[in-house]
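# Per-entry structural report
Below are the chains, spelled out letter by letter.
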Amino acid sequence: MIEFRHVTKRFPGGTVAVEDFSLVLPSRKTTVFAGSSGSGKTTLLRMINRMVDPTEGSIEIDGVDVATVDPVKLRRSIGYVMQSSGLLPHRTVVDNVATVPLLRRVPRRQARTDALALLDTVGLDRALADRYPSQLSGGQQQRVGVARGLAVDPNILLMDEPFGAVDPIVRSELQQELLRLKRELHKTIVFVTHDVEEAFLLGDQVVILREGGRVAQVGSPAEILARPADDFVARFVGADRGRRALHVVTQDGAELLMDSEGRVAGVLGHGKPGTGEQPR
Ligand SMILES: Nc1ncnc2c1ncn2[C@@H]1O[C@H](COP(=O)(O)OP(=O)(O)OP(=O)(O)O)[C@@H](O)[C@H]1O
């Protein structure tokens, strides 16, 4: 598990991106940080792998303070996927996926074999392996980014708005793929998004953030949708607008996330029969 203990991040210049943030992120679950621009989501994520160090407080992974771990070693043991896939333009797809294993001195042939298997994992045709990133669609590039994030077989996968730059149809496909990966791989995933529907679809635990990384509400999608903690959360989840009007229904023991037109937007992964809310 990942634990934030009273974490504050003050950037030079005085911006307090995160203030006194404490939270446990359970192992093998997906925690989503959701909030509007500037609420500190990316800063929270980057403090886990020490791309950013906190000003105060600590972050522990399975009881070990990350401040005591060499940052390069830490970063090579945690998967990281970002919005712009971050692929190296002059390297082929397979070499991009194998980048970190090669840095960790995995033999080249083995790294290539593993990388090809990872293309299967993320639903990419192996025929694309020797293309360059510019020869792929945006959605394909993001899949390569996810494969690269998985290449060190990390326990933890950090994902910073990974599907933010693709069109809605591809975005939906990528979300479904991630749900499949969640079921198959059982990683601890920390996912950042400003899209509340994406947060509820993917998160086991959703953290709604106000400015300064202040927690407005933490809970399962069903809990937050059923009982928004305050007006801020209600506005954020769209409960007062009726526009999105996401709601949860229980059907045959599964919790389904429904949109305002009664279409199934997704299946929540942790449903217990009888705990879902009826449509509002
Ligand atoms: N390196 C930095 N130096 C100074 N201020 C920073 C730095 N990085 C982030 N900030 C500030 O910290 C605050 C939180 O930024 P952060 O990127 O964590 O927010 P976010 O919720 O991820 O936003 P977005 O959705 O726009 O990416 C913002 O006010 C931002 O301007």
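Under an unreviewed UniProt entry, the protein chain has the name ABC-type quaternary amine transporter and belongs to Cryobacterium tepidiphilum.

## A closer look at helix α7 (residues 168–185)
Working note: α-helix, 3.6 residues per turn, so residues spaced by three or four point in the same direction. Look at α7: 25 Å from first C-alpha to last across 18 residues, which is about the 26 Å you get at 1.5 Å a residue. Contacts made by the buried residues of α7 are with β3 (30–35), α5 (108–121), α6 (138–150), β7 (156–160), β8 (188–193) and α8 (196–202). Sitting at the amino-terminal end of α7 is D167, which places a side-chain oxygen 3.0 Å from the backbone nitrogen of I169.

## Here's the deal with the nonpolar core
Among the nonpolar cores identified, the biggest contains 50 residues, and V97, M159, L178, F191 and F200 are the most heavily contacted of them. Within the second largest apolar cluster, 26 residues are counted, among which are A17, I48, L158 and V192.

## With respect to empty space enclosed by the protein
Summed over all chains, the structure comprises 2 cavities of 30 Å³ or more. In this structure, the largest cavity occupies an estimated 70 Å³ of space. In terms of lining, the largest cavity is formed by V122, R143, V146, M159, F163, L174, E177, L178 and L181. Looking at the lining of the largest cavity, the elements with two or more residues in it are α6 and α7. Looking at side-chain class alone, the lining of the largest cavity contains 7 nonpolar, no polar and 2 charged residues. When its volume is computed, the second largest cavity comes out at roughly 30 Å³. In this structure, the second largest cavity is lined by L150, L157, L178, L181, K182, L185, K187 and I189. The element that contributes the greatest number of residues to the lining of the second largest cavity is α7, accounting for 4 residues. Residues belonging to the lining of the second largest cavity are distributed by class as follows: 6 nonpolar, no polar and 2 charged.

## A closer look at the site of the ligand
If you check the shell around the ligand, you find F11, T15, A17, S36, S37, G38, S39, G40, K41, T42 and T43 and nothing else. Residue S39 places a main-chain N or O atom 3.0 Å away from an oxygen atom belonging to the ligand. Between the ligand and T43 there is a distance of 2.6 Å, counted from an oxygen atom to a side-chain nitrogen or oxygen. Summarising the interface, the protein chains cover 58% of the accessible area of the ligand, which totals 640 Å² for the free molecule. The element contributing the most residues to the shell around the ligand is helix α1 (residues 41–48), with 3 residues. For the shell around the ligand, a count of residues per class yields 2 nonpolar, 8 polar and 1 charged.

Analysis parameters
Residues numbered from 1 in each chain as written. Predicted model: local features only at pLDDT ≥ 70, side-chain atom pairs only at ≥ 80, totals over all residues. Heavy atoms only, no water. Helix = DSSP H or I, 4+ residues; strand = E, 2+ residues; numbered from the N terminus. Expected span 1.5 Å × (residues − 1). Contact = heavy atoms within 4.5 Å. Polar contact = N/O pair within 3.5 Å; in protein donor to acceptor, adjacent residues only side chain to side chain. Core = buried A, V, L, I, M, F, W, Y, C linked by side-chain atoms within 4.5 Å. Buried < 20%, exposed > 50% of the residue type's maximum accessible area, 1.4 Å probe, protein only. 1 Å grid on protein atoms, 1.4 Å probe; cavity = no way out; pocket = protein on both sides within 12 Å on 5 of 7 lines; lining within 4 Å. Points joined across faces, edges and corners; volume = space filled by probe spheres on them. Nonpolar A, V, L, I, M, F, W, Y, C, P; charged D, E, K, R; others polar. Near = heavy atom within 4 Å. Areas by Shrake-Rupley, 256 points an atom, 1.4 Å probe, with all protein chains shown as cover.

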